[in-house]
Amino acid sequence: MTQGWEQDGSFAPHRVLRTPLGLDDDHSFGAVGPAALVTVAGRPALACFGLPTDAGSYYSVVDLETGERIPDRSGLHGSEGPRAAAAGMCGDRAVLAFLLQCTVDGDIYRRVLRLRDAWSGELIDVEFPRMRRDSPIAVTTVDGRGMVAVGSTVYDAADAGVIAEHDGPGYIKAFVDHDGRLLQVRYDVMGRVHLLQDALTGTPVGTPFPGHDTSKVATIEVDGHLWVVFVAGKRAGIPLTAWDVTAGREVELPPLWDAGPDDDRPIENLRLSLRDGVITALVQWGYQGRYGTEVWVTAPGGAPRRGIDFGSSSAIALAVLDGRATAVAGFDNRSLLVFDAAADALVPSPYYTGAITAEIRKRGCCFADIAGRGSLLVCGPTSVLWDLASGLPVATAPFGEAVQTLAAGVLDGHTVFAVLTPTALQVWDPQTSRTLFHRELPEQSRRHALFPSPLTFVEFAGRTTVARRFDQSIEFHDARTGEIVGSVDAGALKIVDVLTTGRISGRTLLAAGDRGGPVQFWDPATGEQVGPVLKGHHLSVTNAAVSAIAFTRLSGRDVVVTGGLDKTVRLWDATSGDAIGTPFAAHTGEITALLPASWGDQETVLSVATTGAPRMWMLGAPPVDTGHTGEISALVAGVRNGSPAFASSSADGTIRLWDAATTRITGSITAGPGGVTGVAFGGPSRDILISVTESGRVQRWDANSGTAMGTPLHNTDIPMYAVSTVDFDGRALVGAAGADRMLRIWDAATGEPVTQLPVGRVVRFLSLAAADGHLLALVYGHPTEAEGTADSVAALWDVQARQPVNAPVHLDDGGEVATLGVLNGRIVTMHGRDTSAEDYEYDGPSMDNLELHDALTGTLLHVLEQHDHARNGAVVMVPTADRTVVVAGFENGTVILDESLTELSTLKGKLINAVAATDLDGTLVVAAADQANAVHIWKPAI
């Protein structure tokens, strides 16, 4: 397995971490949290919070120099959350069991069984054989011997030796302890009946009984009778019945929860226990607890009382442990929670932090060195402190899941944590487990809880303080008492996402990063704003958020490093505010952390993002063009210096030129002002670039030299969004359209106007095609008032006749793609379609279809349907030497299709929003752009 820092072949000498951390491109952007440099065994290490691999829980730590992963020994491992859970007494020890998915050599169907002490949460050191499928599991004691059952096999809980293994009719739905025996509840598929079978002897017990064939079951023993509850089709508001196996009749259960008759939450899973007349129910509402996972307790003669809602869960268990009804929930992020229903309290183990939500990942966790040891504080339903060297959670902390943000600092030589909740600010010392202060916030402060401020420790007026943004200022709270000792004016900031400190010119400064884009600095010693305001990150017109800030030095000067939602890392001269070099743009997700470090004798900064591997940027290296720093708006194929090439346009105001043979960037054109909303190759040799911008400019460029050709073809303050080229009647033409609802066409070589045509709608995309004497234009964009409320509408125009060819087409909801092409001498259209008549509603399987039509007659020629590529993002038709191919971009990758829309080749990807293709010496070369602002170029095998 490759690990360590490897030089990036595309962006040398910069490096990328090859050690698997689980931070891949195939998860949601909310899945990754902060990162930090910590000390482990006296060596620097990179710690990242987020998606784990099979070798870890919800964080990853690697030695900074070697890239070797530092083991996590908690046993909270697996590719996903627990697949099954069980609880029971093994002799006099309360034990939990979990069946976990664990990929081995690419096999995702392996399962591993792990046992824990129920009260401490500590892993029990017993290794069981790996399994290949999900099965019900159980923990119990029979004749004084603790055992664990997994499917048809019963193991000794002490040494994992096989005690018994008996198959039987059908399959096992559940286990139940009854009359001193461990019984399997089986469903006989052939006989269509349920039955009980002794798990140790394999002998049938009692008589078969009826029940829903596919239903999950719950069991409970009442007055010596075994009741089985079938939950399929049951909802919260419907009274439950059970089958009394002992008496052979149906019985009605008492109310187990408080629900009205109209409560239609479906029961996905149910566990029941009865002790001293008290019924405890653990119910999973909807698949994996989509509507909650609740514990309800019903005392004799009393109404049901809810104990806790675990939220979404992947596996549940309920048992009486040491005389106490105990509920267990496992979560998809490898975390656990245990609830003592008798005490109405969570079991306070550091192993039981509860579900790691997106908010916890973003602001509810923090790395720090505590007494020279790398540590991690995670604030969930149970807040937990991890020791990274041992790979174990070692203590709980006195905060709940209401924590909004936290930060680490040093006070009197001790590492302490500042914690902000909607109602209070506090500082906690983990070495003494003492809260230094707990300050209730005023009511007016609580109103700002929707946008919680980040925290940082900083020296202010000779005191160690905790800084936080409040209203129009940044307040400083004494770290020992919580007293407000001062503030600075921050009224120019919108929403502060980053607050940190660093040294510039020998003094400590406070830096704030704003959701609107700028970074501002204050001198806490004077309370004055100092230094330049840094601006540069740009995600969209309204969002230029800064997500990370760091301070370092480069060649003897102070440098500020910023990262943003635009997926870029930027360097700034801290004194002048000037940008240093070009932005680093190789990440595929939002930047979450920037960490200055040394690599040999070179100054570097490590960057971690919401997806993709961490990167190491060599700050003293010559500038390298790493690509676009804003969303890519278009991708087209043409010719540059006599060779096939691609061009991409972007919201960052530039056009990048790419060599189709080497896949490298060969040039960059600044085509603004404003974002470049489209680009096309045109002209007799297809070496003229035409760009359109959000500022309203249409400009020709010499693709060979990158220089402008003459004055703009069009230049107003009304945005232009779309451009396309076509050869017609012996001329190379270019058309452009935008917010003024006008299609304008020029001669691409001379710039001479040819015609203009009002199309009656704001145009977001344009495609031109010509054949058999017809010049057609397909425009799509906003629907007119008469066309309803569809997301987007495409209209086909005969440019010469100056009229629509046929009725507009309502495009597929959310997958709005349309293009023109020429197939066997006739013009065709390719597009999605809203099958539910002009609405915003998703249309089931048909919403991802692509349709190929004869443009003039509207005849449907072919359909790409029932595929697994998900939403449409882009489509283009490309003539090659022997045929026309369709290149389509989808949510799950790029697909090459032939003329009948039969799939020829697929390249997996993520959120493809632009595609292009060209011929290179008889070989098809394809380019695709994704929402990570990256361009991928390859030769598909077709």
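- Labelled according to an unreviewed UniProt entry, the protein appears under the name WD40 repeat protein, originating from Winogradskya consettensis.

Remarks on the pattern of salt bridges
Here comes step 1: Summed over the entire model, instances satisfying the criterion amount to 29 salt bridges.
Here comes step 2: A salt bridge links Asp523 to Arg507; its shortest N-O distance comes to 3.1 Å. Here Asp523 is found in strand β44 (residues 519–523), whereas its partner Arg507 is found in strand β43 (residues 507–514), with 16 residues between them in sequence.
Here comes step 3: Overall, Asp523 belongs to the buried group, its relative accessible area being 7%.
Here comes step 4: Residue classification places Arg507 among the partly exposed positions, given a relative accessible area of 37%.
Here comes step 5: Notably, a salt bridge pairs Arg656 with Asp625, separated by 2.9 Å at the nearest N-O pair. Residue Arg656 is located in strand β55 (residues 654–659), and its partner Asp625 is located in the loop between β52 (615–618) and β53 (632–640); the two are separated by 31 residues in the primary sequence.
Here comes step 6: You can call Asp625 partly exposed: its relative accessible area is 30%.
Here comes step 7: The network of salt bridges with common partners includes Asp263, Arg265, Glu294 and Arg306.

What about the packing of aromatic side chains?
Here comes step 1: Overall, the coordinates contain ten aromatic pairs when judged by the stated rule.
Here comes step 2: Ring geometry for Phe460 and Phe476: centres 4.2 Å apart, planes at 10°, overall stacked. Highlighted residues: Phe460 in strand β38 (residues 455–460) and Phe476 in strand β40 (residues 473–478), separated in sequence by 16 residues. Accessibility assignment for this pair places Phe460 and Phe476 in one class, buried.

Focus on unusual backbone geometry
Here comes step 1: Omega for the bond connecting Ala12 with Pro13 falls within 30 degrees of zero, at 10°, which places this linkage in the cis form.
Here comes step 2: For the bond from Gly672 to Pro673, the omega torsion is 15°, close enough to zero to count as cis.
Here comes step 3: Assignment of secondary structure puts Pro673 in the loop between β56 (665–670) and β57 (676–682).
Here comes step 4: Backbone geometry places Arg686, a non-glycine residue, at a positive phi of 55°.
Here comes step 5: By the element assignment, Arg686 lies in the loop between β57 and β58 (688–693).
Here comes step 6: You can call Arg686 partly exposed: its relative accessible area is 34%.

Things to note about the UniProt feature "repeat: WD" (unreviewed entry) in the protein
Here comes step 1: When the UniProt feature table is mapped to this numbering, "repeat: WD" (unreviewed entry) covers residues 539–582 and 625–668.
Here comes step 2: Counting secondary structure, residues 625–668 comes out at 0% helix and 61% strand; the distance between its end C-alpha atoms is 9 Å.

Quick look at the pairing of β53
Here comes step 1: Most of β53 is tucked away: seven of the nine residues are buried.
Here comes step 2: Bridge count for β53 against strand β54 (residues 643–650) is eight bridges, and the pairing is antiparallel. Across the sheet, residue Ala637 finds its bridge partner in β54, namely Phe646.
Here comes step 3: Following β53, the chain reverses through two residues before pairing antiparallel with β54; Asn641 in that reversal takes a positive phi of roughly 50°.

A short note on the sheet that holds strand β39 (residues 463–470)
Here comes step 1: Reading across from one edge, β38-β39-β40-β41 is the order of the four strands in this open sheet, with antiparallel pairing throughout. Strands with a single pairing partner mark the edges of an open sheet, and in this sheet they are β38 and β41 (484–489). The average undirected angle you get between the axes of adjacent strands in this sheet is 35°.
Here comes step 2: Where β38 and β39 come together, six bridges link them in antiparallel fashion. Bridge pairing in β39 places Phe460 opposite Arg463.

What counts and what doesn't
Residues numbered from 1 in each chain as written. Predicted model: local features only at pLDDT ≥ 70, side-chain atom pairs only at ≥ 80, totals over all residues. Heavy atoms only, no water. Salt bridge = Lys/Arg side-chain N within 4 Å of Asp/Glu carboxyl O. Helix = DSSP H or I, 4+ residues; strand = E, 2+ residues; numbered from the N terminus. Buried < 20%, exposed > 50% of the residue type's maximum accessible area, 1.4 Å probe, protein only. Phe/Tyr/Trp six-rings, centres within 6.5 Å; stacked < 30°, edge-to-face > 60°. UniProt positions renumbered as here; feature names shortened; annotations may be inferred. Pairing = 2+ DSSP bridges. Axes fitted to C-alpha atoms, helices over the stretch in contact; angles between N-to-C directions.

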